[in-house]
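# Observations on the three-dimensional arrangement
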Amino acid sequence: MADALNALTIAEARGRLRAGDVTATELTEACLSAIEDAGALNAFVHHTPEIAREQARAADARLAQGDAPDLCGIPLGIKDLFCTKGVPSQAASRILDGFRPGYEATVTRQLFEAGAVMLGKLNMDEFAMGSSNETSCYGNAVNPWRREGDATALTPGGSSGGSASAVAADLCLGATGTDTGGSIRQPAGFVGITGLKPTYGRVSRWGIIAFASSLDQAGPMGKSVRDCAILLQAMAGHDPMDSTSADLALPDFEAALSGDIRGKTIGIPKEYRMDGMPEEIETLWADGRAMLEDAGAKVVDISLPHTKYALPAYYVIAPAEASSNLARYDGVRYRHRAKLAQGDGVTEMYEKTRAEGFGPEVKRRVMIGTYVLSAGFYDAYYNRARRVRALIKRDFDVVFDQGVDAILTPATPSSAFGLGDMEDADPVAMYLNDVFTVTVNLAGLPGIAVPTGLDANGLPLALQLIGRPWEEADLLNTAFALEGAAGFVFKPTKWW
Amino acid sequence: MSIDIETARRVAKLARIRVEEADLPALAGEFNTILGFIEQLNEVDVDGVEPMTSVTPMQLKRRKDQVTAGGIAEEILKNAPDAREGFFAVPKVVE
C-alpha cells in the first residue's frame, strides 16, 4: 500500500510527475481502481472517470511541455456541495436529485485550471448540516479507521465525511471540503488527516451550494500541512462573483513552511477545558503545548470568555441563514417536485415538495430558522445572537491585540464514534461535536486540524490551531511545526 | 419560551414544509429542546453591542450597472421539473 501511487501526498506526486517518473494518467488510474475497491466506504457518490481520464491526458500534455502548475495531474475528490458543470451536484439532498449545474464553481474552476483531475463527487451531510455524515441522502459515509479488534462501523465525521474518508483511505490525493461550524476540521480530526478552514472571504463561495452564507467557507483536506498549503493556493483568491471574497494579494502559502516558530506566541484558552472532557484529549492538548514550546514558541494562558455561548449563537444564526438560503428549493426551479393531488395549488406544491425533498435534520433547521426570524422573535433570538457573535469575535480581537499569534485547542471532544450511536440522542447532543470549532466560524478566522495522536482504541485524535485573520501562511507554518513534532504517520488498516 | 403544537404548526406553515398532524407533538418537543439550549444567550450582557452584520470589516465592491450574462434561459430551464415554452410551469395560482 505504501508504494501505491494513490497513497502519495500531493507534494510527492508533484515531484514525480515533474520528474517524468509517473504520469497523471497512471496516478488517476491508481485512484480510480482504489475507488472501485472502496464501495464499502461510500465516500464517492458520483463517479466521473471519463472526466478524470480526459483531465489526466490534458495534464500529461501540459507536463510534457513543462507547463505544470503545482496541481497539474493531481487527482482530487470534490465535495458534492460544489457545483460542477454538467455533473450531478446535489448537496446530498433528495431535493436536488438529478440537478446538473450549467456552470462551474469558482473553486473547482480554479483547481481545474491548475491542472487538477476530478475523480468524482464526495458524500456529505445533507446541505452540510450534520457532524456524522448520517443525514446524507446517499447513506452514511464510513470511516476507514476501526477500533482495534472491533469491526464496528465508525463515522468519518461531518459534514465533509466523504472527503475525509476518501483522503484517509488513499482514494484520492486530496479533497475539497466546506466548513460552516467545523465541517472540515472535525472530520479531518476523526480520520487522521489535515483540514484547513480559511479566513472568511479567502475562498470564493460562488457555485458552492449555500448553507449559512456568513459562516460558510471552503477549504482543503489533505494528507499533510504542505498539501493543504498547495491546495489552498489554487482554491483561494478574489472573485468578482462573490462580493464577500476579499480583494487581497495571496501570499505563497507553501513558501511559508519553514517550521521555524521561535518567538511566536501561542495562546491556550482556559474556556476550552470542558467539563467531562476525556483524559486522552487533555493529555493530547498538553502534549501539543509542550511540542510548540520545545519548538521555541512562547505559550501563554488566555481567556476567551464568551466561548460557552458560541454554540447557542450558532444555532440561531446558521438556521436563520439556512431558512433563507433553502427557500429557493420550492419545486419550481430545481429538479424535485412532489406528485400533486387533484386541486392542489402552488402552496401545496411547495409544502409537499419540501416535506419529501428535505431530510429530518434539514427540515428541523429550516423551521428553527423560520421561527427565530419570525415577527416578534427576531430581536429576542436573531439580533441577540448577532450581538453575542460580535462579543465572541471581540474576545479573539483582544487576545490577538495582546500579541497572540495562534491559539491551540483540541479539534474535537472525542475520537470518531459509531455510526448510529447518536440515533436516540437529542439534536443538541450532536451539535456539541462542534464545540471547539464553531467559534472560529463565528469570528471568521482561519483554523486547521492537525492529527497528533491516537486514543486507547487506536483511533486518530487531532489538535486545532486558530490563526489571525488573513494569516493562513503563518498558521500553516505553526501547523507544520506541530505536525513535524507530533510525527503522526499512522494509516488505517485496509478492511474494505 | 415553550413551543406548543399550534406554534409548531404555524412555523411549519411559514417554512412551507408539510408536517402531518401526528408528527406535530414530536416536532414541538424538538423545538423546545433546541430553543432551551439557545436560551443560554439570555445570560449574556449585550447592552450597547451592535449586532454583527459582517465578520470582516470590508466595503462591498461596486461595479458598472451593466448586463454581464444572460440569454441562457434554455440552460436554466433544463433543471426545472416542469418547463413549457421558455417558462417555468407551476400549478394554477390565480382562480
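For the structure, see preceding data.
Note that this is a predicted model, so its numbers are computed, not measured.

The next thing to look at is the overall build of chain A. Looking only at helices and strands, chain A features 15 helices and 11 strands. On C-alpha atoms alone, chain A measures out to a radius of gyration of 21 Å, which is about the 23 Å that the 2.2 N^0.38 rule sets for 496 residues. Taken over 496 residues, chain A has a buried fraction of 61%. Nonlocal contacts in chain A, meaning residues at least 24 apart in sequence, comprise 78% of its contacts between residues at least 6 apart.

Before going further, it helps to spend a moment on the environment of A:Trp496. Residues and elements named next belong to chain A. Residue position: Trp496 is located in the segment after helix H15 (472–486). On the basis of neighbour count, Trp496 is assigned to the partly exposed category, with 16 C-beta atoms found within 10 Å. Spatially, the C-alpha atom of Trp496 lies 20 Å from that of Lys223, the residues being 273 residues apart in sequence. Among all residues touching Trp496, those that are not within four sequence positions of it are Ala38, Ala40, Leu41 and Pro144.

Residue and element names in this part refer to chain A. Contact geometry of helix H2 (residues 24–36) with helix H3 (residues 49–64) gives a least axis separation of 8 Å together with a crossing angle of 155°. With respect to H3, the axis of H2 lies roughly antiparallel. Seen from above, H2 lies across H3 with right-handed handedness. The residues of H3 that touch H2, namely those facing Ala24, Thr25, Thr28 and Leu32, are Pro49, Ala52, Arg53, Ala56, Arg57, Ala59, Asp60 and Leu63.

Helix-helix packing is described using two parameters, namely the angle between the two axes and the distance between the axes. Residue and element names in this part refer to chain A. Two elements in contact, helix H7 (residues 225–235) and H15, have axes whose closest approach is 9 Å; the angle formed by their N-to-C orientations is 160°. With respect to their mutual orientation, H7 and H15 come out roughly antiparallel. As H7 packs across H15, the resulting crossing turns out to be left-handed. Here Val225, Cys228, Ala229 and Leu232 of H7 come into contact with H15, specifically with Glu472, Leu476, Ala479, Phe480 and Glu483. Grouping the amino acids of the contact of H7 with H15 by side-chain chemistry returns 7 nonpolar, no polar and 2 charged.

Okay, the interface of chain B and chain A next. Listed per partner, the contact involves 39 residues of chain B and 58 residues of chain A. Those elements giving two or more residues to the side of chain B that touches chain A turn out to be helix H1 (5–14), helix H2 (24–38) and helix H3 (73–77) of chain B. Broken down by element, the residue count for the side of chain B that touches chain A peaks at 6 residues, all from H2(B). Broken down by class, the residue content of the side of chain B that touches chain A amounts to 26 nonpolar, 4 polar and 9 charged.

Here we take up the sheet that holds strand E10 (residues 447–454) of chain A. Residue and element names in this part refer to chain A. Taken together, 11 strands build an open sheet; the order of strands is E1-E3-E2-E4-E6-E5-E10-E11-E9-E7-E8 and the sheet is mixed. The open sheet has two edge strands, strand E1 (44–47) and strand E8 (298–302), and neither has a second partner. Here the strands of the sheet are splayed against their neighbours by 30° on average, with no regard to which way each runs. Relative to strand E11 (residues 460–467), E10 is paired through 7 bridges, and the arrangement is antiparallel. The partner of Leu454 across the bridge, within E11, is Pro460. Against the sheet, helix H5 (residues 161–168) engages E1, strand E2 (75–79), strand E3 (117–122), strand E4 (174–179) and strand E6 (217–222), with an angle of about 155° to E4.

All names here are of chain A. The sheet contact formed by strand E7 (residues 265–269) and E8 spans 5 bridges and is parallel. Bridging across to E8, Pro269 finds its partner in Ile302. For the crossover from E7 across helix H8 (residues 279–294) to E8, the handedness is right-handed. Pairing analysis gives 2 bridges linking E7 to strand E9 (residues 406–410), with the strands arranged parallel. Across the sheet, the residue bridging to Ile266 is Ala406, located in E9.

Residues and elements named next belong to chain A. Most of E6 is tucked away, with 6 of its 6 residues classed as buried. The pairing of E4 with E6 spans 6 bridges and is antiparallel. Looking at the pairing, Ala175 lines up with Met221 of E6. As judged from the 2 bridges shared by strand E5 (residues 194–197) and E6, these two strands associate in the antiparallel manner. Of the residues in E6, the one forming a bridge with Thr194 is Gly222.

Here we come to helix H10 (residues 346–357) of chain A. Its 12 residues give H10(A) an end-to-end C-alpha distance of 16 Å, which sits within 8% of 16 Å, the value for a rise of 1.5 Å per residue. Among the residues of H10(A), A:Met349, A:Tyr350, A:Glu351, A:Lys352, A:Thr353, A:Arg354 and A:Gly357 are the ones counted as buried.

A few words now on unusual backbone geometry. Residues and elements named next belong to chain A. Here the amide bond leading from Gly158 into Ser159 is cis, since omega sits at 10°, within 30 degrees of zero. Within the element layout of this structure, Ser159 appears in the loop between E3 and H5. With phi around 55°, Ala92 is a residue other than glycine that occupies positive phi space. Within the fold, Ala92 resides in the loop between E2 and helix H4 (106–113).

Cut-off values and rules
- Residues numbered from 1 in each chain as written.
- Chains lettered and ligands numbered in written order.
- Predicted model: local features only at pLDDT ≥ 70, side-chain atom pairs only at ≥ 80, totals over all residues.
- Helix = DSSP H or I, 4+ residues; strand = E, 2+ residues; numbered from the N terminus.
- Rg over C-alpha atoms; globule rule 2.2 N^0.38 Å.
- Buried ≥ 20, exposed ≤ 12 C-beta atoms within 10 Å, placed from the backbone.
- Contact = placed C-beta atoms within 7 Å.
- Axes fitted to C-alpha atoms, helices over the stretch in contact; angles between N-to-C directions.
- Parallel < 35°, antiparallel > 145°, perpendicular 65-115°, else oblique.
- Left-handed = near helix turned anticlockwise from the far one by under 90°.
- Nonpolar A, V, L, I, M, F, W, Y, C, P; charged D, E, K, R; others polar.
- Pairing = 2+ DSSP bridges.
- Right-handed = clockwise from strand over helix to strand, strands pointing away.
- Expected span 1.5 Å × (residues − 1).

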